[in-house]
Structure formats: structure tokens, C-alpha cells
Amino acid sequence: MPKSQTHVNEIAEIALARNPGEPEFLQAVYEVLESVAPVLDEHPEFLDARLLERLIEPERQIMFRVPWVDDANTVRVNRGFRVQFNSALGPYKGGLRFHSSVNLSIVKFLGFEQIFKNSLTGQAIGGGKGGSDFDPHGRSDGEVMRFCQSFMTELFRHLGEHTDVPAGDIGVGGREIGYLFGQYRRLTNRHESGVLTGKGTGWGGAEVRNEATGYGAVFFAERMLARTGSSVAGRTAIVSGSGNVATFVIEKLRQLGATAITVSDSSGYVVDEAGIDLELLRQIKEVERGRVSEYAERRPGARFVAKGNVWEVPADLAFPCATQNELLLADAQRLIANGVSLVAEGANMPVVPDAVHLFQEAGVLFAPGKAANAGGVAASSLEMSQNAARQSWTFGDSEERLRAIMCHVHDSAYEASERYGKPGDYVLGANSAGFVGVAEAMLAQGVV
Ligand code: NDP
């Protein structure tokens, strides 16, 4: 067995021994390890410096109590997390997730993926992630505000525009970023705009940050298709989720002449063959904070499938945009049987590894999240630049920069897939290109 493969196997064993009971984190680590042996063959200095062993160990992990009082005057206690994974390329950067499923394994998988994603963007940002097992569903604005204030009362001491810069993720949108920023400003007595991204455009937020993950995923898919002489125009798409990423995937698809016909949430999915009406969806989800079933009740021709599986709907393109491990092997088999030609991950790790392999074997174009959804963090980095320069760029200018970054991410991943012997394997390409970027920085900075 080549020395590189023996080393990779050893690192996999170390990861397993050190992180028992963390399946999502181990899944993310194994996926990267599967890709990097050819990089180690080319760069034996990475192996000698034991960079992989250092990479899988977070630089710092913070866990803390978040006590708050609900509207009924009951004391509630949640757990807060921030994993500062790697700062070789820049300040830790990655979102905060508020969802009942959040635990250390999930935060570590997200933080680990973020290192490679951020490296791929070519922006100077390290990797981190955080969140809480707090569930904002059904909570009043007052409850969400008090929770955010308590969360920030501990987290603020670990943040800073040159240290660690969180953004949103599942359950953390503009409302939550506002409350978090307000409490940071109050505690520090500093209007430090660059400490959080995803702010409102009137107080330091950047144009296109809100749209960036979804738009970026479609730009990435369009570039993949263009390489094979095709495009999204005229195609139908199935999209899972109905939050930030899903809605802006649907919007950009529509602008480029494609039709998204589904959305979902944890209660089921909606099919609307005429194309999802985004105004109605936003009214229900963002203004009324309702469920997707209400969309089908108000939209003639649309139907809601309770507890149904969105992947059973036939379409040309699929964009999983809800959460990790939401598309299983059986779903991949069904999608292939239904003739899907491209799957692009808007969410982080939504497709299980067996399903990824099946798509690749079947010749379906597959875009991994750490490349396809990098637009969000890339636009966050643009927000940090504007904050530092006290500038604000126009929507058109910002969108053009986002498109250029997504082309760069695509081309870097594709070129790496060629270099390491599997042209068009974007998983291999994204992992290896992302790894080389961070590994070179770590090597240059010594054993730290
Ligand atoms: P939102 O909170 O805006 O939306 C999440 C959507 O996914 C909701 O419709 C939610 O439904 C659904 N969902 C969440 N968990 C589940 C579940 N267990 N089963 C079924 N549906 C579920 O989050 P985002 O759109 O911001 O994030 C979606 C994904 O994209 C995540 O994987 C995130 O990490 C990733 N991502 C987000 C970025 C961003 O900029 N926002 C950047 C890069 C990646 P329900 O309300 O029922 O829970």
C-alpha cells in the first residue's frame, strides 16, 4: 500500500478513537480523507508535517450554558457551541445554527467542512461554526431576542472582526443576526460591523449576502452544465427546504429560465407544477412564519404531501437545500430512474456518501456542498471587506463579484479533479483543492 494511503488510514483511526459518538463529524472527515491520498503523493511534506492530524483537531471548542426566560416566565436552559476549527487562512468564519438537533458532532462537521469551503473561495477566511439546540419555531420575537442576548453574553468574548466572525445558518436569519449584533455592541461598546455578517443593509450589511448561497449554487450548477454544452434554461428542478438557501435557488433558477416545482419543510413537501410562487412562499415563511402546507392551501393547482419524500418527484435537476443526510441511497436510485442529470448540494452534506457514489457512477453531475454552497461565505467575506473599508457596493456589482467567485470555485475544483486523475469528480476536486490551500498555509506557519 502506498505510504500516503497508510497515513490516511492511520488518521482515520485517530479520528475514530478521539471522537466517539460523533457520526456526522466522522462522516465529514472520512469524506475528505477519501480524496487526499493523491495530494499527499504529490506533497510528501504535508505528510511529514502531519497536517491531516492537526487539521482534524479543532484549534478551540467552546460550549456554554444559555439560560433565558420564556413568555410564561419559565426559566429555560439551552446549550451553546462555537468550534473555532482552523485560522491558518484568516479569522474563523462560519454560521450559527439554532435547531433542536444541534450537538457537538454537528457543529464539528460543519466547522470542518467550512475550512475547505473557505479555502476554495480564495478569500482570506478560516473555518468555524457554532449554534445551539434552541428551536426558534413557535417562539415569539421577545423570546428569540432574550435567547440571542443570553447566547451573545457568553459568546462575545470569543469573537472579533479579526478573530471570529459568525453568520447565519438554519434557524438564524436577519432577525437573529440583528439581536446578536445589538447585544455584542452593547457588551463591547463598539460598533464593530465586521464581527457578524448577514446584517441588514441599513446597518453594515452587504447587498447580495442574503441571496448569495442560493444564487451561488445555481451559478455553480450553470458552470458545470456549460462545460458539457448545456444549461439550466428550460429545465425543471426539485428543491428541498424552504428557507434562505432554497428560496434563492428557486429565484435564480427562475431568472435563468428554469422552473422549480417543489419546496419542503420537516412536515412534508409541496409540488406546484406551474412553478413555485416565491411571493406567496415568502409571505407564509418569512412574514407569517408558517409551514409549507399553507402554501398548498392557498395556491390553486399545488398539493401538499404530508411526511412525503420530495425526491420522488421527477425532474431534470435536484437541489437539496434543507439539512444533512436528507437524500439517501434509495432516493438516489429513484432520482436516477427518473432521469435526473444534475444534483447540486445547497445544504451542507445533504446527500449520504453511498448516494454520492451512485450519482457519480451513473454519470449524474454532482456538486458537493463545500463547493456549490460556498457563495454564502464568499459574500460574507465581501461584507467584511466593505465593513473594513466603510463602503457599500451596489447589488449589481456584488452579484458580479459573487458570480466570479463561484466560477473560480468551480474551475479550481474541476482543475484539481483533472490533476488528481478523475476529471469531473467534483468531490475529489473540491476536497483536494481546498486541502492544498489550507495545508500550504499551515506548513508555512510552523507547528502551531
Ligand atoms: P433555514 O433555516 O433558512 O431553512 C432551513 C429549511 O430546511 C427549512 O425549510 C427547514 O424546515 C428545513 N429543515 C431543516 N431541518 C430539517 C429536517 N431535519 N428535515 C426536513 N427539513 C428540515 O436554513 P438555511 O436555508 O440557511 O440552511 C439550509 C442548509 O444550507 C443548511 O444545511 C445550511 O448549513 C446550509 N447553508 C446555509 C448557508 C446560508 O448562507 N444560510 C450557507 C451555506 C450552507 P423546518 O422549518 O420544518 O425545520
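Scroll up to find the structure this text is about.
Per chain, the residues get numbers from 1 upward, laid out in the order the sequence is written. Only residues with pLDDT of at least 70 are given local features in this predicted model, and only at 80 or more are side-chain atom pairs given and counted; all residues enter the totals for whole chains, interfaces and linings. Each side-chain value is derived from all of the structure's non-hydrogen atoms; neither hydrogens nor water enter the calculation.

**Q** Give me the overall build of the chain: which residues, what numbers.
**A** To qualify as a helix, a DSSP run of H or I must reach at least 4 residues; to qualify as a strand, a run of E must reach at least 2; elements of each kind are numbered from the N terminus. Helix and strand counts for the chain come out as 17 helices and 13 strands. Over its C-alpha atoms the chain spans a radius of gyration of 21 Å, differing by no more than 12% from the 22 Å that the globule rule assigns to 448 residues. Overall, the C-alpha framework of the chain stretches about 60 × 55 × 45 Å when taken along its three principal axes. A buried classification covers 58% of the 448 residues belonging to the chain. Throughout, the radius of gyration refers to the C-alpha atoms, and the reference size of a globule is 2.2 Å times the residue count to the power 0.38. For the exposure calls, accessible area comes from a 1.4 Å probe over protein chains only, and a residue counts as buried if that area is under 20% of its type's maximum, exposed if over 50%, partly exposed in between.

**Q** For the sheet that holds strand E8 (residues 262-265), give the residues involved together with the corresponding values.
**A** What links the strands of a sheet is backbone hydrogen bonding, and the strands pair in either a parallel or an antiparallel sense. Think of it this way: DSSP has to see at least two bridges between two strands before they count as a pair. Across the sheet, which stays open at both edges, the three strands sit in the order E8-E9-E10 with antiparallel pairing between neighbours. Each end of this open sheet is capped by a strand with a single partner; those strands are E8 and strand E10 (303-306). Within this sheet the neighbouring strands show an average axis-to-axis angle of 20°, counted without direction. Across four bridges, the pairing between strand E9 (residues 268-271) and E10 is antiparallel. Paired with Gly268 across the two strands is Ala306, which belongs to E10. Note on method: axes are straight lines fitted to C-alpha atoms, helices fitted across the in-contact stretch only, with angles between N-to-C directions ranging 0 to 180 degrees.

**Q** Account for the site of the ligand, with residues named and values stated.
**A** When we say a residue is near a molecule or strand, we mean one of its heavy atoms is within 4 Å of it. Around the ligand, the structure places 25 residues, and the nearest of them are His137, Asp169, Thr213, Ser266 and Arg291. Nitrogen and oxygen atoms within 3.5 Å of one another constitute a polar contact, given that in protein one can donate a hydrogen and the other can accept it, and given that sequence-neighbouring residues count only through two side-chain atoms. At 2.9 Å from an oxygen atom of the ligand is found a main-chain nitrogen or oxygen belonging to Gly171. At 2.9 Å, a side-chain N or O of Ser242 approaches an oxygen atom of the ligand. Coverage of the ligand by the protein amounts to 85% of the 880 Å² it exposes when considered alone. Residue assignment for the shell around the ligand shows that the elements contributing at least two residues are helix H8 (209-227), helix H9 (244-255) and E8. Residues are sorted three ways: Asp, Glu, Lys and Arg are charged, Ala, Val, Leu, Ile, Met, Phe, Trp, Tyr, Cys and Pro are nonpolar, and all the rest, Gly among them, are polar. Of the residues contributing to the shell around the ligand, the split by class is five nonpolar, 14 polar and six charged. For the domain bounds, the source is a domain assignment made automatically or taken from a database. Counting the residues that make up the shell around the ligand, at least three belong to each of domain 2 (60-190) and domain 3 (212-372). Accessible surface area values rest on a Shrake-Rupley calculation with a 1.4 Å probe, where residue burial reflects the displayed protein chains alone.

**Q** Outline the pattern of salt bridges, listing residues and values.
**A** Opposite charge on two side chains allows them to pair when their charged atoms are near. Salt bridges are identified by distance alone: a Lys or Arg side-chain nitrogen within 4 Å of an Asp or Glu carboxyl oxygen. Across all of its chains, the model carries 30 salt bridges by this definition. For Arg18, the salt bridge goes to Glu57, with nearest N and O atoms at 3.4 Å. Of the two residues, Arg18 sits in helix H1 (residues 3-18) while Glu57 sits in the loop between helix H4 (51-55) and strand E1 (60-69), which places them 39 residues apart along the sequence. Here Lys108 ties to Glu22 by a salt bridge, and the two come within 2.7 Å at their closest N and O atoms. Residue Lys108 is located in helix H5 (residues 104-121), and its partner Glu22 is located in the loop between H1 and helix H2 (23-42); the two are separated by 86 residues in the primary sequence. Residues Lys108 and Glu22 agree in their burial class; the two are buried. Linked through salt bridges whose partners overlap, the residues forming this network are Glu10, Arg18, Arg50, Glu53 and Glu57.

**Q** Describe the pairing of strand E5 (residues 164-167), naming the residues involved and giving the relevant values.
**A** Alternating positions in E5 separate into two faces, Asp164 and Pro166 on one and Val165 and Ala167 on the other, with burial throughout. Here strand E3 (residues 92-98) runs beside E5; their pairing, made up of four bridges, is parallel. Bridging from a neighbouring strand, Lys93 pairs with Val165 of E5.

**Q** Break down the packing of aromatic side chains for me, with residues and values.
**A** Aromatic rings from Phe, Tyr and Trp, with only the six-membered ring used for Trp, were paired whenever their centres fell within 6.5 Å, and each pair was classed as stacked if the ring planes differed by under 30 degrees, edge-to-face if by over 60, and tilted otherwise. Considering all chains together, one arrives at 19 aromatic pairs under this definition. Ring plane angle 75° and centroid distance 6.0 Å describe the contact between Tyr215 and Phe248, whose orientation is recorded as edge-to-face. You can see Tyr215 sitting in helix H8 and its partner Phe248 sitting in helix H9, a full 33 residues away along the chain. Judged by centre distance (6.2 Å) and plane angle (15°), the rings of Phe359 and Phe366 are stacked. Across the pair, Phe366 and Phe359 agree in class, each one buried. By the ring-pair criterion, three or more aromatic residues cluster together here, those being Phe64, Trp68, Phe98, Phe134, Phe147 and Phe151. Sitting over the ring of Tyr215, Lys252 keeps its end group 4.4 Å from the ring centre. We count a charge as sitting over a ring when the NZ of a lysine or the CZ of an arginine lies within 6 Å of the ring centre and within 35 degrees of the ring normal. Here the guanidinium or amino end of Arg401 rests over the ring plane of Trp393, the centre of that ring lying 3.7 Å away.

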